[in-house]
Structure formats: C-alpha cells, structure tokens
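Understanding the architecture of this molecule
Each chain is listed here by its residues.
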Amino acid sequence: MKTIVLGVGNSILSDDGVGIHVANQLKQKINNPNITIDEALTGGMSLLDLLLGYDKAIIIDAVKIDNVEEGEVKRIPLSTFSTMHSCNPHDVSLSEAIQMAEKLGETRIPKEIIIIGIAMKKLPCVFGENLSEKIAMAVPKAIEMTLSEIRKDDLKFKLR
Amino acid sequence: MKTITIDPITRLEGHGKISIFLDAKGDVANSYLQIPELRGFERFSQGRRAEDMPQITSRICGVCPVAHHFASTKALDAAFNVDPPSAAKKLRELMYCGYYIYDHILHFYYLGGPDFVVGPDAPAAKRNVLGVIEKAGIEIGKEVIKHRAYGQKITGILGGKATHPVCGLPGGVSKGLDKDEVKEIEKMGKSCVDFAKFSLKLFDDIVLKNKDYVDLILSDPYTLKTYNMGLVDKNNKVNFYDGKIRVTDQKGREHIKFDGKDYFKVINEHVEEWSYIKFTYLKDIGWKGFKDGKDSGIYRVGPLGRLNAADGMATPLADKEYKRFYETLGGKAVNTTLAFHWARLIELLYATERVMELIKDPEITSTKIRNPVGKPGEGIGVTEAARGTLIHHYKLDKNGLIDKANLIVATTNNAGAINMSIRDAAKGVIKKGKVNDGLLNKVEMAFRAYDPCFACATHTLPGGMPIEVNIYDNDKKLYKKLRRNL
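Everything quoted here is computed from the prediction, not taken from an experiment.

Procedures and definitions
Residues numbered from 1 in each chain as written. Chains lettered and ligands numbered in written order. Predicted model: local features only at pLDDT ≥ 70, side-chain atom pairs only at ≥ 80, totals over all residues. Buried ≥ 20, exposed ≤ 12 C-beta atoms within 10 Å, placed from the backbone. Helix = DSSP H or I, 4+ residues; strand = E, 2+ residues; numbered from the N terminus. Pairing = 2+ DSSP bridges. Domains from an automatic or database assignment. Axes fitted to C-alpha atoms, helices over the stretch in contact; angles between N-to-C directions. Parallel < 35°, antiparallel > 145°, perpendicular 65-115°, else oblique. Left-handed = near helix turned anticlockwise from the far one by under 90°. Contact = placed C-beta atoms within 7 Å. Nonpolar A, V, L, I, M, F, W, Y, C, P; charged D, E, K, R; others polar.

What follows covers the pairing of strand β7 (residues 244-248) of chain B. Residue and element names in this part refer to chain B. Here β7 lies mainly inside the structure; 4 of its 5 residues are buried. Note: β7 against strand β8 (residues 254-258), 4 bridges, orientation antiparallel. Following the sheet pairing, Arg246 is matched in β8 by Lys257. In textbook terms, the turn of a hairpin is the stretch between consecutive antiparallel strands, and for β7 and β8 this stretch comprises 5 residues, one of which, Gly252, has a positive phi near 85 degrees.

Structure, rendered in structure tokens:
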C-alpha cells in the first residue's frame, strides 16, 4: 500500500505554513519505501496531480473551523468537507477536481483522503516564516495524529 | 453545517465582498469590491539575499508563480547589471508560454467559460466545469485535462517544478534543454496548437453564433471605455515576457510607449479608505474617480488590455484571429468586458504557436545560458502575468541584500476597472430599489472576465464561489444582503 503525506500551505505566510513545518519534521522521523512525504503550495487540480497513484493520502493543512479552539488538531475525511475552497483562486477545489477526474474515468485517485487540520483563527495571514505560539504547539499533535493514521494501515510501522 | 476552508487565500478576510450604494431613487450610485491584500511584504523582504527573491515572490500567491518568478528574475538582471545570453531569454520565454497555456485553459474551461458554455442564466450549481463537461462531452473534458497538464509539464521541464519554478537566476537560467526534452516539448506543443484552434472554434460555435450572447457581450453594462496597457515587441505585437509597455486610448491609438524602468513616471497610485488596494492610473491624465473615457486615467490590463494595446499577434494563426476579433466586434479598441474571454483564447493560440517557434530554434539547446553578474544596484523587471502587467522593483545594498522592494501586480492595475464593471453590472439589475434575482450572476460575470487574483474568483462546490453583496440605501443603512457559499 502506497501512502502520500502532504504538507500544504505557504511557508512565507506565517501560520499558513504549518502543514509544511509538520511535513518537514515527519521527513526526519520516517524512512519507509511505501510512504512519500512532500509539500505543496497548491490546491485543486495541481494538488490532485500530486496524489494520483497512491492508495491513501494524508493532507496536513491549516483549516478554519467554526467553534474550534485555535491550535486544535482535527482528523477530517475529505468526504465530510462542507465547503472547500481551492488553495489557488485560479483553480477549482480539490473536491471538484476529484469529482471531475472520476467523471473522466481517472482510476488513480486515492481511495482514502484524510485531512489533518490545524485550526487557525488569525486572519488575514501576514508575511513571516515563524509560527505563532498556539500553532507551534499544535505541530507535535499533528505529527502524532499523522503517525497514528499511518499505523492504522501498517501495524508493523516503525519510526526511523 | 460547519464551514471548513483549507486554502491560504480564502482565509483572508473580505473575499468577494461587494458593497453597493443606492441613491435617493433607489438606483445604483456606487459600488465597491474589497480585494484582500497581503500586507508587510516590503518589510518581509528587507535584508534578504536578492537571488532568493524569484523563489520568495513566486510564493506570494498561488495564482501566478511563474509570472512573479520571472518579473523578479528580470528585476535582478537589471539590479546586477547583466544581460542574459539570448538562449536563456528564449528558455525563459518558452517556459512562460507553458504557463500561459495551462493558466488560460484553466480560466476558459473551469472559471470563466461556464458562464458562456453552460449559460449565464443556468443555475449556479450547473455553472462550473462539471456543467461544461456535461454540455461539451466527456471526450472534450479529457482533452482539457490533457492540455492543461501539457502546459504544466512544459513549465516543469524548464522550471524544475511545475508550480513554483526554481530556474531563474540573475543573468540567465540554471538549466538548459537536452534533445529528448526538446522532442517531448515539441510533441506536446503541436498538440496544444490544435487544442487552441479547437477552443476558438468552440467559442465560435457556442458563443459567437448565439445572438443572445453576442448582444450580452456588446451590451452597455459590460462596456468600459478605458485606456489599455500591455507589453509589446519592437513591431508592437503582443509579448508576454519582454518588450516595452504600451498604452493605447479608447480608439486604439498609441498614447504612450515606455521602458518598464520608467513605470513610476507614467503610473501613479490612488488610495481609497475602504480598500487596501491602491488604484493605479496614468499620471498625465490623472485620477478622476471611478470614471471611464479619455479624461480618466484608469486603464485595463490582461488579455483584452494587451490585445488593445498592441497592433497584432506575432504568430500567423493568432494574428489572423486577432484581425477577426476586431472585425467582428467593430474595430479598435474593443471596450466590451466580456471580450476578455475571446482575447484569452487568442492568446492561448499565440502561446502554443510561440512554443513551436522557440522549440524549433537551434539555439534552444545551447549550453550558454548564464552570464556573470555585475555589482548590485537597483532594478525593475516587467512581465505580463496572464491577468496583466506585473512590475517588480528592487533596491539592493552593496552586499546584494534587499533594501527596498515594491511590486505592482496585475489585479492592482485592473482594480479601478473591475470596480466600475461591477457597478455597471449592478446598475442593470437594480432599479428603484428593486433587486433582480440575477444580481449575483451578473456581478460575478463582470469581474470574473478579468480573472482577478483574489479568493472569490473560483468556483467551488456545490457550484458557486463565495460571494457577499451588501446593498446600502441613500442613508448608508444596510438595505439588503445577498450571500452565497459563505
């Protein structure tokens, strides 16, 4: 089983880059031929391109969720997203890209797509490379949640 | 139901928020679109190594990374006083054409096209790319996907990464092309030419042969007689990567042509208290408020701005389409906003033809792709982003670190015109305080034509983009609120 772990965000927009921070730390912990760890500043069609060919995708990103504390980490299956905007305003959303790909007969879409979402409140983002305190504290939680997601499918999984 | 967004742009406040102000009679007096802007970039870039700027600026926004990358690289060429070898310029332009191919395809088929292909009065849930595929057929859907991917692949081969290139260096590029890559690009480019021709034919069949659409395109609410701006080559033909900036008037006559490095002599910025965006205008004409006509300094950029600012296209098939465009729409300049969509397809054809010209150029496999840099100083770089003229301006200190950075992005250049287009579209559907149901659609069509780079320009599931319109009465009290997908 092939899994891709993708940190999504913008590394120069402070808290928005939290997914990239998590992915970078996971790279230090994981060395497994069946697990690819990558980062992306993209959404919709381009994001889907990166996921094709894997059985499972774990996307780590900052999310905005009403009534959730800043820095909380949530596991959200893609299928339960109510509205999902594209990362890129000049693109469609990931859900829409998937719907379209399915309609056009694409067979390489991962069967399971899980979002590890780190709740963010501060708007709008400002330029910067560091995380704010609450978001930085969420990084270990997001790492742990990603690892337990991997362990679910691979009982023998070990850290490097 | 909870609202969850996972993108960096829609996390910004104010996406697609439009305020419409009515007069005492209940007709539209004014309307404002709030465009979110990221602040603090100048401070962020201060003290950074200049050669990192092409990577950093390509992350400013997910929409035009390639355009920022090369506007930045060109600013560095100038700042380090180095002229890249001709092969490097050709490689950059080739990559730039790949970017136009995927960007313009995406806009026509996914974002703007649904308004026409599915129809402006179709329910919002149908006016998206799935609706386009339903109407045009699955086979066409596959072609759309394929050629958008070709554009990305061409960009990726040259840039190292498809979305965020790493190839631009002051004085040239870091990577050339080998023979196998040339063959691959040539094959994809050829297919893209055919697809661009097909797309124009589709536009012909679906839009131009439909009298209702043509009437809509030519109708008053979608007409704006502004100046136009774009880069042109030495023959005054449209160029995306290099050349001089040319401004033409409402009749298509040259108003001014200047070097990018003189932009601050020609362009000025106007500030309104309700928007972070600075509205650019022509200095010699002046800011006269949100008005069109020859006495107002507002201009338009992007596909329509570029076509109007030029005398033609530099490749044969696109030039033929260029002539047909003006013959069909009544000569120069074309001032109808919805013609942006047609202009975009003509540019798509040009980009594909230009790929073929460049890839067949024997110099494209040259290994002389970089010249040594000189002493650090000041530099200005201008390119045409898919959505309009983009200017990067850096001042470097003696160690080659950024001292000052100023950017004027395409949507800023179009901001004045976008506001007017929204106001005019609203005027058509609000009479005596009565708000017609089609308001959101009509307003959306008006600004989508520009392909502006802010969050609300996207179609999202379940089928529309997030948009909020607040209508205020003559006493500035909230009169009506319309929302969708928020």
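Moving on, we get to the domain arrangement of chain B. Segmentation of chain B into domains returns domain 1 (17-38 + 415-484), domain 2 (83-222 + 339-371) and domain 3 (224-335). Distance from the C-alpha centre of domain 1 of chain B to the C-alpha centre of domain 2 of chain B: 30 Å.

So, about the packing of helix α4 (residues 86-117) of chain B against helix α5 (residues 129-136) of chain B. Residue and element names in this part refer to chain B. The contact between α4 and α5 brings their axes to 8 Å, and the two run at 55 degrees. By the criterion of interaxial angle, the relationship of α4 to α5 is oblique. Handedness of the α4/α5 crossing: left-handed. In this structure, α4 contributes Tyr109, Tyr110, Gly113, Pro114 and Val117 to the contact, and α5 contributes Val129, Gly131, Val132, Lys135 and Ala136. For the contact of α4 with α5, the residue count by class is 7 nonpolar, 2 polar and 1 charged.

Further remarks concern the sheet that holds strand β14 (residues 402-408) of chain B. Residues and elements named next belong to chain B. Here 3 strands make up an open sheet; going across it, the order is β12-β13-β14 and the pairing antiparallel. Both outer strands of the open sheet, β12 (378-385) and β14, are each paired with one neighbouring strand and no more. Each adjacent strand pair in this sheet contributes to an overall mean axis angle of 15 degrees, direction not counted. Where strand β13 (residues 388-396) lies against β14, 6 bridges are found, and the strand directions are antiparallel. Note that in β14 the partner of Lys395 across the bridge is Lys404. Packing against the sheet, helix α3 (residues 65-79) makes contact with β12 and β13, and its axis sits at approximately 150 degrees to β12. Lying on the sheet, helix α13 (residues 410-429) is in contact with β12, β13 and β14; it crosses β13 at an angle near 130 degrees.

Let's shift gears to the packing of α4 of chain B against helix α6 (residues 138-159) of chain B. All names here are of chain B. Between α4 and α6, whose axes approach to 8 Å, the crossing angle comes to 155 degrees. Judged by the inter-axis angle, α4 sits roughly antiparallel to α6. α6 is crossed by α4, and the crossing has left-handed handedness. Residue-level contacts link Leu91, Leu94, Met95, Gly98, Tyr99, Ile101, Tyr102, Ile105, Leu106 and Tyr109 of α4 to Val144, His147, Arg148, Tyr150, Gly151, Gln152, Ile154, Thr155, Leu158 and Gly159 of α6. In terms of residue class, the contact of α4 with α6 is made up of 13 nonpolar, 6 polar and 1 charged.

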